[in-house]
Amino acid sequence: EFEIADILLASKGVEFAEPIWKSQLLFLESAFDFFMHEFNKFALTSMYDEVWPQTEEYKKIKVPLKLVETVLKTGEPELWFLEHINETYKLNTMVSRKGFKTQLNLMGLKIGDIALNVYPEMDVNVAINEIYDSLDSLYERRNYLVHQSNRKHEDASFYEAEVSKTIVEDYINFIKKLIGALISNAVSL
């Protein structure tokens, strides 16, 4: 869609290209959220299968007694755990700072290691803050666009954050690096 936005920008102006860039941010955040949910299921089922180190947070996952009884009595296939994880986490956001931190702890991945993969040239603490700030920024932009018609809760005024091709490209590159770092760190467990 960058080509279409470039044509619109050149022929009609920024107000015609900006909706495309905004939609790209929405799709990017959505795709990253989907990735995180799938990565969560992979990690937790791998812990269940004892091929990924089990974390303390994994050991605290609540399983309703009714489900345990059903599994024990019926000898249901092992998909019960995946289905339970799917149901448990399907509404959780995993792309905000808080949600991302929670997922890393659950999976046993270290934010410092991930941060140094994403930003090898930075000090680890600066890199960690950069990751969290970028996630919060993308999440905030998406929420203003999707849930509030690009308006602020406080006074219904327009959220005036600029959206440009460069901003979208920067977010795309950030998410690609972040996913690569997550996978790389998971493989090394």
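Let me begin by describing the structure that accompanies this report. (Residues numbered from 1 in each chain as written. Predicted model: local features only at pLDDT ≥ 70, side-chain atom pairs only at ≥ 80, totals over all residues. Heavy atoms only, no water.)

### Points about the overall build of the protein chain
And step 1. Counting secondary structure elements, the protein chain contains nine helices and zero strands.
And step 2. Order of helices (α) and strands (β) in the protein chain, N terminus to C terminus: α-α-α-α-α-α-α-α-α.
And step 3. Principal-axis analysis of the C-alpha atoms gives the protein chain an extent of 65 × 40 × 35 Å.
And step 4. In the protein chain, buried positions account for 39% of the 189 residues.
And step 5. Side chains of the protein chain carry 20 positive and 30 negative charges; the gap between the two charge centres is 5 Å. (Helix = DSSP H or I, 4+ residues; strand = E, 2+ residues; numbered from the N terminus. Buried < 20%, exposed > 50% of the residue type's maximum accessible area, 1.4 Å probe, protein only. Lys, Arg positive; Asp, Glu negative; His and termini not counted. Charge placed at Lys NZ, Arg CZ, Asp CG, Glu CD.)

### Some thoughts on the nonpolar core
Considering soluble globular proteins, one finds that nonpolar side chains tend to be buried as a cluster.
And step 1. The biggest cluster of nonpolar side chains holds 49 residues, and the ones touching the most others in it are Phe32, Leu44, Phe100, Ile114, Ile131, Leu178 and Leu182.
And step 2. Secondary-structure elements contributing two or more residues to this core are helix H2 (14-48), helix H5 (79-89), helix H6 (97-107), helix H7 (111-118), helix H8 (124-147) and helix H9 (165-187).
And step 3. With twelve residues, H2 is the single largest residue contributor to this core.
And step 4. Dropping the residues within four chain positions of it, Leu178 is found in contact with Phe32, Phe100, Ile114, Val118, Ile131 and Leu135. (Core = buried A, V, L, I, M, F, W, Y, C linked by side-chain atoms within 4.5 Å. Contact = heavy atoms within 4.5 Å.)

### Points about the packing of aromatic side chains
And step 1. Applying the stated rule across the entire model yields nine aromatic pairs.
And step 2. Taking the centre distance of 5.3 Å and the plane angle of 15° together, the rings of Phe35 and Phe39 count as stacked. Linking Phe35 with Phe39, this pair stays in helix H2, spanning four residues, or about one helical turn. Phe39 matches Phe35 in its accessibility class, with the two residues each being buried.
And step 3. With a centroid separation of 6.0 Å and an interplanar angle of 75°, the aromatic rings of Phe42 and Trp52 are classed as edge-to-face. Of the two residues, Phe42 is situated in helix H2 and Trp52 in the loop between H2 and helix H3 (56-59); the sequence distance between them amounts to ten residues.
And step 4. Look at Trp52 and you get buried, because its relative accessible area is 6%.
And step 5. Clustering of aromatic rings is evident, with ring pairs tying together Phe32, Phe35, Phe39, Phe42, Trp52 and Phe100. (Phe/Tyr/Trp six-rings, centres within 6.5 Å; stacked < 30°, edge-to-face > 60°.)

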